[in-house]
Every structure is written in C-alpha cells, then in structure tokens.
Amino acid sequence: MERMTLHERVINETVTIMNAVFSKLDVSLIIKCIRRSDIIWQQRRARRNLRQPEKHQLNWKWLFNEYRKNKPQNSGMEQAAYVFCLNNLQQERAAFLLTSCRCLSEELELNALENFYRKTAGHPLKRNMLYYSLCLMVIYAEVLNELGILKKERVRFVIKDVVNDDVMRFYISAAPLSQVSQEMECESTYYLLREYINMDLFNINV
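Not measured: the values here are computed from a predicted model. (Residues numbered from 1 in each chain as written. Predicted model: local features only at pLDDT ≥ 70, side-chain atom pairs only at ≥ 80, totals over all residues. Heavy atoms only, no water.)

Peer 1: Explain the sheet that holds strand β6 (residues 178–179) to me, and be specific about the residues and the numbers.
Peer 2: Strand order in the open sheet formed by seven strands is β1-β2-β3-β4-β5-β7-β6, with mixed pairing between adjacent strands. The open sheet has two free edges, formed respectively by β1 (29–33) and β6, since each of these has just one partner strand. As defined by bridge partners, strand β5 (residues 156–159) adjoins strand β7 (residues 186–189) across four bridges and the pair is classed as antiparallel. Its bridge partner lying in β7, V158 is registered against E187. Sitting on the sheet, helix α5 (residues 129–146) is in contact with β1, β2 (77–86), β3 (93–102), β4 (107–115) and β5, with an inclination near 150 degrees to β4. (Pairing = 2+ DSSP bridges. Helix = DSSP H or I, 4+ residues; strand = E, 2+ residues; numbered from the N terminus. Contact = heavy atoms within 4.5 Å. Axes fitted to C-alpha atoms, helices over the stretch in contact; angles between N-to-C directions.)

Peer 1: Mind laying out the packing of aromatic side chains, listing which residues take part and the relevant values?
Peer 2: Aromatic ring pairs are described here by two measures, namely the spacing of the ring centres and the angle between the planes. According to the stated counting rule, one finds nine aromatic pairs in the structure shown. On the numbers, 5.8 Å between centres and 65 degrees between planes, the contact of W41 with F96 is edge-to-face. With a gap of 55 residues between them, W41 in helix α2 (residues 36–51) and F96 in strand β3 connect regions that are remote in the sequence. Of the residues examined, W41 reaches a relative accessible area of 23% and is grouped as partly exposed. Here the aromatic rings of F96 and F116 are separated by 5.2 Å at their centres, their planes lie at 90 degrees, and the arrangement is edge-to-face. Remark: F116 occurs in the loop between β4 and α5 and F96 occurs in strand β3; sequence separation between them is 20 residues. (Phe/Tyr/Trp six-rings, centres within 6.5 Å; stacked < 30°, edge-to-face > 60°. Buried < 20%, exposed > 50% of the residue type's maximum accessible area, 1.4 Å probe, protein only.)

Peer 1: Give me helix α3 (residues 60–69): which residues, what numbers.
Peer 2: For α3, the full list of buried residues reads W60, L63 and F64. An end-on view of α3 places all buried positions within 95 degrees of arc, on one side of the element. Relative to its buried face, α3 has exposed residues pointing more than 90 degrees away, namely K61 and K69. (Arc of directions from axis to C-beta.)

In structure tokens form, the structure reads like this:
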C-alpha cells in the first residue's frame, strides 16, 4: 500500500473531521476528495451550460487543469479539491470546493466554490455554502498546525477571484471578511473565523 504524503494526511484528517461535524450538526451532507469521475461530471455540466449560458459560471475545466499542473516541490503550494455530496444512497453531488495552501507565505486560499443544488426547500447547502467552506478552511488550518506545517495564528485566509461585486458584498456581510483594496478578493484571520464558526463545535474526537 502506497504511503500518504504529509499533505495527503492533512486532507484525509480534514475530511474526517468535517464529516464528523456534519454528523454532529445532523446535516445531510458528506465531503470527499474530488475524483476523476467528479471532474468528468463537471466538464459535461459545463458543456450543457454552454448551450444554456448562465452568468458568472466558474471555468472548472481551467481550474482543474491548473490544479493538476501544480507541483508542490516547485511552487511550494499544496492544493486540495473537495466535493460536497448529499448523504444518501446516490450521494448526489451538491458543490465543489478548491483550496490552496502556500506554506512559505502562510496563506490559505479558497480558490473556487460553487454549489449545484436544485432550488428546493430545505436543501442543506442553501445559504450555508460559505459557512461550511470556511469551517473546512479552519479545520484545515488546525490540522496543518498540529502537524507543524504552519502556525494557525499567523495564517492569512483569502478568498480569491470573487466573481462579482454582488458576491463580494454577500461575503463581507455574511462572515468576518474584508475586501482587499483594489482586488476581487477578501481576507480574514484564524481568530476571526474561529469565533465566527463557533469552534466549540469542533471539539470532536475522530
């Protein structure tokens, strides 16, 4: 059996803790690492969107190409891509999330997030996608800190390439985030996000 790299251990523990959080909250979601089948599914979805264009669709084909090209030994950047699924027999995909860790500059980046839920009442991601994404990022920072990869207190949390001004306004009104001057990105700190997501929730033994 092939041994996991240190960052793969971080991702694995992050996913395990986040799923324990969903279970504790009684939220009908699970999160997994993105697989090839998820990428193929998204590329098919993107082709459908070309026939029925919608505004501000993220270019996931380009994002995944960049994700696969990244070589941590050269760039110093580690990446992780996740899929949120409904916790049912079909495990229907509900959202994708792409993150990066820049250890040298002590930055955790939320590069792209997009949900695909049907507009049905009571969907667990409705109005919660940002919250759960930031929960994941704080857990990620906690695990990185525990393994001595970076110091959580010094981490700069960044949401990169916010798609438009309306989304930016929502982000900074919904969470302790502030817009970076002249940039379509916003930032926060570990302590602000820790308070926002109520860290008592994460006192979970897994």
